[in-house]
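So you can see what is in the structure, the chains are spelled out below.
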Amino acid sequence: MSSPALPHDAGDAPQTRGPTRTPAFEKRLAQRYRAERNFRRIGLGAVVFSVAVLVFLLGNMLMNGVAGFQRAELAVTIDFAQSGVTGDPVSLAAPSAVQTLEMQGLPDVVTFFAEEQLGKDAAAEIAPEGWRDVAAALTADPDLITRSQTFYLPTTSALAGALQGEGPAELRALAQKLSDQGKLGRNWDWGFLARSDATSPQSVGIWGALKGSMLTMLVTLVLAFPIGVLSALYLEEYAPRGRWTDIIEVSISNLAAVPSIIFGLLGLSVFLALFPNLRSAPLIGGMTLALMTMPVIVISGRNAIKAVPPSIRDGALAIGASPVQVVFHHVLPLALPGMLTGTIIGMARALGETAPLLLIGMRIFVATPPEGFASPATVLPMQIFLWSDEIDRGFVERTSAAIIVLLVFLLTMNGLAIYLRNKFEKRW
Amino acid sequence: MTVIHPKMTDQSAKIRAQDVCVYYGDKKAIDHVSIDISPNYVTAFIGPSGCGKSTFLRCFNRMNDTIGAAKVTGLIELDGEDIHGSRMDVVQLRARVGMVFQKPNPFPKSIYENIAYGPRIHGLAEKKADLDVVVERSLTRAGLWDEVKDRLEDSGTALSGGQQQRLCIARAIAVDPEVILMDEPASALDPIATAKIEELIDELSGRYAIVIVTHSMQQAARVSQRTAFFHLGKMVEYGPTSEIFTNPIEERTKDYITGRYG
Amino acid sequence: MAEHTVKAFDEDITRLRGLIAEMGGLAEVAIAESLDALVRGDEALAEQVVLRDKRMDALEMEVDKLAVRIIALRAPMADDLREVIAALKIAGVLERIGDYSKNIAKRTGMIEGRARFEPLTLLPTMGELAGEMVHDVLTAYAARDPDLAREVIATDAKVDGFYNSIFRNLVSYMVENPSTISSAAQLLFVARNIERIGDHATNVAEMVHFAATGVYPPEGDR
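This is a predicted model, so every value here is computed, not measured.

Caption draft 1: Geometry of the domain arrangement of chain A. All names here are of chain A. Under the domain assignment, chain A is made up of domain 1 (67-188) and domain 2 (207-424). The straight-line distance from the C-alpha centre of domain 1 to that of domain 2 is 44 Å. Facing nine residues of domain 1, the contacting portion of domain 2 comprises six residues. In total, about 610 Å² of surface goes out of reach between domain 1 and domain 2, with carbon and sulfur atoms giving 47% of it. Ranking the residues of domain 1 by area buried against domain 2 places Gly68, Phe69 and Glu166 at the top, with a combined share of 62%. Counting the contacts that link domain 1 with domain 2 gives one salt bridge. Residue glutamate 397 is joined to arginine 186 by a salt bridge in which the shortest nitrogen-to-oxygen separation is 3.6 Å. At the surface where domain 1 touches domain 2, the tally comes to three residue pairs in polar contact (both at pLDDT 80 or more). Residues of the side of domain 1 that touches domain 2, tallied by class, amount to two nonpolar, four polar and three charged.

Structure (structure tokens):
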């Protein structure tokens, strides 16, 4: 034997071992346990910190946002029988009914009753568009023209601010007085979800931006998902291994890291050049965001496809399936959960993007919800940005409310995708 | 220098290979192998690890095509037709030459779907009634029908290892092949499941030409009637199983089967 | 020949061969001693031969057990398998050879007036020849030598020749000396036993040839 004798092979008889728990051993053991405990604690601390930050942010949002779902309203009772406004069910059902009512002087009627019940100063603080709520109620229920009803009309933002203790002293006094009389209060404002952008925070709504986001997301999904999935399939299954494929792979990975505003530049120079009259349309916005989302889908798609075990492919090939059949009958169903996850991530990012849409002009003031993919629209994050820029104090709460709507939309979208993913995973 | 036993030459070959070489890049994995596979017998390929037997087996249904770096030269004929010829559709070839793999790989679908998939894509049966017949027949021939007939909608991956392998065999049978290639079909199974697979091979051997790669010499001795011994990419000896295992001609064969190799 | 990868297999085969060699040695000694006892009338020696045959029987059982164990545990193939099967059969044959020697020894007491038996002097020579056959065939077994085995088969003809001449000799002696018929008859049996030993040695030689080459020796050799 040329090797030095180890403690074990000196002689053939089994060595009797010394005691295991020597002092040195005990010290090492204690050190080890301590290190483990510390590591666990640090990890737990990190998790707790993250959760705390999340809770703080969300809590903050919720607290501010709840106020955004309310608005200051003045109570005015209008007796239509005595108002001098006439109408019958037929004319009230017509599309031009609101204009007809306006021509009949409905706004003045409202002002008249308001002055009578609240005083001239208070009546002047009813929002200029407040009469439209009355008109809407009339067209919805033509029978109302024979009765009287109490309406809660939005105030100007000045009075709303005064109600919360801001603004000139006399306005605040007025607000206090009206509030004590029970004529002025902050009420739950469901109309926020049905209206669109406006100049006064009392009259704004989020529906315009919400619909704009939905349309844009739809365009993004319809463009990015098929192109992304098919690209991923091609790159993984068919592309020959070689220099060109490598270059394409690297390019796509880099695309995913490009700052989003660059895509806006691209949208501006290419898409708007092609469709100059579709500025700020969901179609253009969707196309721009699709460019941004597609690399994410391709990357996650490729990983999902790579994760399909080769034994499945072999099994399918061996039974005589053509390459296309192998891909669509076997690989794609198994890779779909992973692809959907990547799509969720990509779409969530696209939902929250503002920069690229800035450049293609979706930062406009849109007072009515978009009618289709080609109408001017704005999206939720853009709306939040625009409102946060406003001077009027009332917009602060509305912005928080809009953020809550955005978060709920995001959660719904994710929830839907997760549901789809689980459904596919179970089936296969 | 390949030794072929005298009683081997007078048979009509189902698969004939002539001077087949397989290269992985620059490395030669199979070196000028020629062999006639009989339609009536089970043929076993034996040899130490890395000798190329699995690689050679995969030539018969052109599965080496799926490996980019692999190149196959030489002639391989199925019933006299060159399988690399322009008239041979590789998809059709793989329906005629089925394969069962070492690790059972049922599709993550129901048992019924696993079996029905092949006939459906090849147009052998389309209506549900026809597919039912094919499924029952294949599962019966694979010895699995009684065990699964009440749960055809269960997932194929929920079966035990041995059952999964029989499911894969049933799947291969469902497309009515002429040859079944088996690449170490029982190596991942326990002795009882292995015995069932071997019994199944026995029953199938009358109907299909079977070529089995195995690293267990005892298994080769039990199931096959013809055995070919491979070593370092060459075929060293090919003869009747009883001769190979009682009185092999080549020294290398003898060393391998008596456990003197390495 | 290379060794088995599993060394214990080699040890088993070596042990098997050792047992066969021991049996063979005992058989040779038994042949020589039984004839010696017969010729000299040494009843004590004859008794020893009979007793020592028990060892042969025990060895045969050991060979049986070992061979079965090797087949079960080692799954021998090709020449290993043939060797084990041959060892099994050879042990049986050697045991029978031992029985014949025992038989010869038992007849020691039945011969009277031996100095006068001329045929008695032929028997040792025949016995030596048979003993040589056994010795050679065991050498052939140990060496896996098919050629030596065939030589042994050829030698059997000589033993048969010896038997025929002794037979004629004894018969004419019995005709001339009817009083010695009972003793002479015993010698007939002894000669028959030796001839049978030769035949058995031939059987062993055939098995040795099969174990070594996988085929039996051609018919013409017999």
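Caption draft 2: Region of interest: the sheet that holds strand β8 (residues 179-183) of chain B. Residues and elements named next belong to chain B. Across the sheet, which stays open at both edges, the seven strands sit in the order β1-β11-β10-β4-β9-β8-β7 with mixed pairing between neighbours. In this open sheet, the two edge strands, each paired with only one partner strand, are β1 (3-4) and β7 (97-100). The strands that helix α7 (residues 191-204) touches are β4 (42-46), β8 and β9 (209-213); relative to β9, the one it contacts most, it runs at about 150 degrees.

Caption draft 3: Expanded view of the interface of chain B and chain A. Across the contact, 21 residues belong to chain B and 16 residues belong to chain A. Approximately 1,500 Å² of surface area, both sides summed, lies buried where chain B meets chain A, with 66% of it carried by carbon and sulfur atoms. Our count for the chain B to chain A interface comes out at zero salt bridges. Connecting chain B to chain A are four residue pairs in polar contact (both at pLDDT 80 or more).

Caption draft 4: Quick look at the interface of chain C and chain B. Taken together, the contact between chain C and chain B spans 14 residues of the former and 14 residues of the latter. Both faces combined, the contact of chain C with chain B buries some 1,100 Å², and carbon together with sulfur accounts for 49% of it. The tally of links between chain C and chain B comes to two salt bridges. The partner of Asp79(C) in a salt bridge is Lys254(B), and the shortest N-O contact between them spans 3.9 Å. The element contributing the most residues to the side of chain C that touches chain B is helix α3 (residues 78-106) of chain C, with four residues. Looking at the side of chain C that touches chain B residue by residue, the class counts come to six nonpolar, four polar and four charged.

Caption draft 5: Quick look at the side chain of Gln219(B). Residue and element names in this part refer to chain B. By the secondary structure assignment, glutamine 219 is in helix α8 (residues 217-223). In this structure the side chain of glutamine 219 is engaged in a polar contact, spanning 3.0 Å, whose partner is the side chain of threonine 214. Aside from chain neighbours lying at most four places away, what touches glutamine 219 is Ala186, Thr194, Glu198, Ile212 and Thr214.

Caption draft 6: The arrangement of the packing of aromatic side chains in detail. Under the criterion given, the structure shown has 15 aromatic pairs over all chains. For the pair Phe69(A) and Trp188(A), a centre-to-centre distance of 6.3 Å together with 15 degrees between the ring planes defines the contact as stacked. Linking Phe69(A) in the loop between α1 (23-68) and β1 (70-79) with Trp188(A) in strand β3 (residues 184-188), this pair joins segments that are 119 residues apart in sequence. On the basis of relative accessibility, which here comes to 12%, the residue Phe69(A) falls in the buried class. Judged by its relative accessible area of 41%, Trp188(A) is partly exposed. Arranged with centres 5.7 Å apart and planes meeting at 45 degrees, the rings of Phe56(B) and Phe230(B) form a pair that is tilted. Here Phe230(B) lies in strand β10 (residues 226-231) and Phe56(B) lies in helix α1 (residues 53-59), a separation of 174 residues in the sequence. What links up through ring pairs into an aromatic cluster is the set Phe69(A), Trp188(A), Phe192(A), Trp387(A) and Phe395(A). Taking the ring centre of Tyr23(B) as reference, the NZ or CZ of Lys71(B) above it sits at 5.3 Å.

Caption draft 7: Just the sheet that holds β3(A), in detail. Residue and element names in this part refer to chain A. Pairing is antiparallel across the open sheet formed by three strands, whose spatial order is β2-β1-β3. Sheet topology places β2 (148-154) and β3 at the edges, where each strand pairs with a single neighbour. Averaged over all neighbouring strand pairs, the angle between strand axes comes to 50 degrees, with direction disregarded. Pairing geometry for β1 and β2, over seven bridges, is antiparallel. Counted as the bridge partner of aspartate 79 is serine 148 from β2.

Caption draft 8: Up close: the nonpolar core. Counting 61 residues, the largest nonpolar core has Ile20(C), Leu38(C), Ile90(C), Leu94(C) and Leu123(C) as the members making the most contacts within it. Elements represented by at least two residues in this core include exactly α1 (7-40), α2 (43-74), α3, α4 (118-143), α5 (146-176) and α6 (181-213) of chain C. The leading source of residues in this core is α6(C), at 13 residues. Not counting residues within four places of it along the chain, the set of residues in contact with Leu123(C) comprises Leu35(C), Leu38(C), Ile166(C), Leu187(C), Val190(C), Ala191(C) and Ile194(C). One finds Ala321(A), Ile37(B), Val175(B) and Met235(B) within the second-largest nonpolar core, a separate group that totals 58 residues.

Caption draft 9: Molecular detail of the arrangement of the chains. Among the two pairs of chains in contact, the pair with the most contacts is chains A and B. Without any contact between them, chain A and chain C keep their closest C-alpha atoms 20 Å apart.

Caption draft 10: Up close: the pattern of salt bridges. Taken as a whole, this structure holds 44 salt bridges over all chains when the rule is applied. Measuring nitrogen to oxygen at the nearest pair gives 2.9 Å for the salt bridge that ties Asp189(A) to Arg398(A). Separated by 209 residues along the polypeptide, Asp189(A) in the loop between β3 and α9 (207-238) and Arg398(A) in helix α17 (residues 394-427) bring together distant segments of the chain. Accessibility assignment for this pair places Asp189(A) and Arg398(A) in one class, buried. When the shortest N-O distance is used, the salt bridge between Arg192(C) and Glu195(C) registers 3.0 Å. Highlighted residues: Arg192(C) and Glu195(C), both in helix α6, separated by three residues, approximately one helical turn. One salt-bridge network, held together by shared partners, links Arg71(A), Glu73(A), Asp133(A), Asp189(A), Arg195(A) and Arg398(A).

Scoring rules and cut-offs
- Residues numbered from 1 in each chain as written.
- Chains lettered and ligands numbered in written order.
- Predicted model: local features only at pLDDT ≥ 70, side-chain atom pairs only at ≥ 80, totals over all residues.
- Heavy atoms only, no water.
- Domains from an automatic or database assignment.
- Contact = heavy atoms within 4.5 Å.
- Buried area = accessible area lost by both parts, 1.4 Å probe.
- Salt bridge = Lys/Arg side-chain N within 4 Å of Asp/Glu carboxyl O.
- Polar contact = N/O pair within 3.5 Å; in protein donor to acceptor, adjacent residues only side chain to side chain.
- Nonpolar A, V, L, I, M, F, W, Y, C, P; charged D, E, K, R; others polar.
- Pairing = 2+ DSSP bridges.
- Helix = DSSP H or I, 4+ residues; strand = E, 2+ residues; numbered from the N terminus.
- Axes fitted to C-alpha atoms, helices over the stretch in contact; angles between N-to-C directions.
- Phe/Tyr/Trp six-rings, centres within 6.5 Å; stacked < 30°, edge-to-face > 60°.
- Buried < 20%, exposed > 50% of the residue type's maximum accessible area, 1.4 Å probe, protein only.
- Lys NZ or Arg CZ within 6 Å of the ring centre and 35° of its normal.
- Core = buried A, V, L, I, M, F, W, Y, C linked by side-chain atoms within 4.5 Å.

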